[in-house]
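The primary structure of each chain is shown beneath.
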Amino acid sequence: MQNFIHNIPTQVLFGKGQIENLTSVLDRFGKKVLLTYGGGSIKKTGLYDDVMKRLNDGGFTVVECGGIDPNPRITTVEKGAQLCKENEIDVVLAVGGGSTIDCSKAICAGAYYEGDLWQMVLHPETIKKALPLVDVLTLAATGSEFDIFGVISNMETKEKIGSKLGFPAVSICDPTYTFTVPANQTAAGSADIMSHIMEVYFSQRENSDMSEGMCENILKSVIKNLPIALKEPENYNARANLMYASTLGCCGMPGYGKDLSSWSCHGMEHELSAFYDITHGVGLAILTPRWMEHILSDKTVGRFARFARNVWGLEDSDEYELAKKGIQALYDFFKESGIPMTLTEIGIDEEYFEKMAEDAVKYGGLEDAYVPLTKEDVVAIFEACL
Ligand code: NZQ
Ligand code: ZN
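Reading guide: rules and limits
Residues numbered from 1 in each chain as written. Chains lettered and ligands numbered in written order. Predicted model: local features only at pLDDT ≥ 70, side-chain atom pairs only at ≥ 80, totals over all residues. Heavy atoms only, no water. Donors = N, O, S within 2.8 Å, 3.2 Å for Na, K, Ca; no water. Helix = DSSP H or I, 4+ residues; strand = E, 2+ residues; numbered from the N terminus. Buried < 20%, exposed > 50% of the residue type's maximum accessible area, 1.4 Å probe, protein only. Phe/Tyr/Trp six-rings, centres within 6.5 Å; stacked < 30°, edge-to-face > 60°. Contact = heavy atoms within 4.5 Å.

> Teacher, can you tell me more about the coordination of the zinc ion (ligand 2) here?
In a perfect tetrahedron of four donors around a metal, the angles come out at 109.5 degrees. In a perfect octahedron of six, they are 90 or 180 degrees. Here the zinc ion (ligand 2) is held by the protein donor atoms Asp-192 (OD), His-196 (NE2), His-266 (NE2) and His-280 (NE2), which lie 1.9 to 2.2 Å from it. Of note, the zinc ion (ligand 2) draws all its donor residues from one chain, in the sequence arrangement D-x3-H-x69-H-x13-H. With His-196 in helix H7 (residues 183–201) and His-280 in helix H11 (residues 280–295), this pair connects stretches of sequence that are 84 residues apart. Here His-196 matches His-280 in class, with each residue buried.

> Explain the packing of aromatic side chains here, please?
Each aromatic ring pair is characterised by the separation of its centres together with the angle its planes make. Tallying each qualifying case throughout the model produces 15 aromatic pairs. Between Phe-202 and Trp-291, the aromatic rings sit 6.0 Å apart at their centres with planes inclined by 85°, giving edge-to-face as the arrangement. Here Phe-202, found in the loop between H7 and helix H8 (209–231), pairs with Trp-291, found in helix H11; they are 89 residues apart in sequence, far enough to count as distant. With respect to burial, Phe-202 and Trp-291 carry one shared label: buried. Judged by centre distance (6.1 Å) and plane angle (65°), the ring pair of Tyr-276 and Tyr-352 falls under edge-to-face. Taken together, the residues span a long stretch of sequence, with Tyr-276 in helix H10 (residues 264–276) and Tyr-352 in the loop between helix H13 (319–336) and helix H14 (353–364) at a distance of 76 residues. Exposure remark for Tyr-276: the relative accessible area of 22% places this residue in the partly exposed category. Residue class for Tyr-352 comes out partly exposed when judged on its relative accessible area of 29%. An aromatic cluster of at least three residues, connected via ring pairs, comprises Tyr-201, Phe-202, Trp-291, Phe-304, Phe-307, Trp-312, Phe-333, Phe-334 and Tyr-370.

> Explain the side chain of His-270 here, please?
Within the fold, His-270 resides in helix H10. In this structure His-270 touches Val-151, Lys-160 and His-280, once residues within four positions along its chain are discounted.

Structure follows, in structure tokens:
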């Protein structure tokens, strides 16, 4: 087993009714709050009214920064950071999914940053200080509620960068807030959760029984609970298991003790969403089975056979056949969850394949992936997705 350091400073308040703690949590940081949210789902669900009432009753001054887009933009980060400076904000409160939380991480750091905020995203090691971030999670997907990353897009340069922007101080994770997540986002979010796990499960050295087991169990939990959540959107247990899986996904724990490599499918997907502004989880679902087929070889077949056996409960006397069955099972699962499974269906053709592949290798560090990928490999994987 490899050495690892566990250092996650985020307090997670998980479960039904945890919003009761919101004002006492915020009081740790101050009375001036920047409230950030997305395109309006929290207004439709009533969560906005509930949060505002709590803030007003608690005597907080609230400045709002709404309208954060999925695949959040650097321009919104700039706007939010400016609001923090102008209003001497003490704490940022993000209410929403990964996009709102990611954007808010960048706002928290941007509030103290001197200079161009896109440079800050590109060079997070230059961040010296940040406002505290409290979030109320409304979508099980990214794991942003319990990790250091924020993914920010620059629409002008068609770049989408995952950057170490900072951990939330406190995350309120109440699965009931995900009852209203539509089926397509529930499925895409679950594909994202599974991808975070698979990116570490398929790694160069398989030397941590603890992590292997954790990964397999998280995958099995999503495979069990996504169909339930799609059929019964208000099934608390299904939503709670998906949310817990989301929270663990990106925090590092499922990979502790392993020899980790760059994340192949995330490297490729971030280019698809940088160029076409697609839903992250949909891009991952389309790419993953094709990536698996592309890298299946004598070197990797054992791992894929284990994936088929331990995650999908499949058997075959031939290892290659078993490996292929596991990949097919993953493809079928995504398809049955209602995810469009070709790039063509989501309006992507070969026009930018070369450029996206080049950027994926560069920004995604794909030469250091589980199976190193060249630009030509990535183009071939994109072509298989058409
Ligand atoms: O914007 P609103 O109106 O809130 O609607 C959102 C949005 O349209 C809606 N939604 C969220 N909660 C809802 C809801 N609708 C009804 N009821 C609710 N309770 O869902 C849509 C998608 O929201 P978004 O926040 O964009 O989704 P997600 O959480 O999947 O975040 C995606 C972003 O996170 C990045 C992705 O690249 C993408 O930019 N990632 C962040 C990571 C991280 N921080 O560690 C890692 C991931 O790999 C990922 O790259
Ligand atoms: Zn992801």
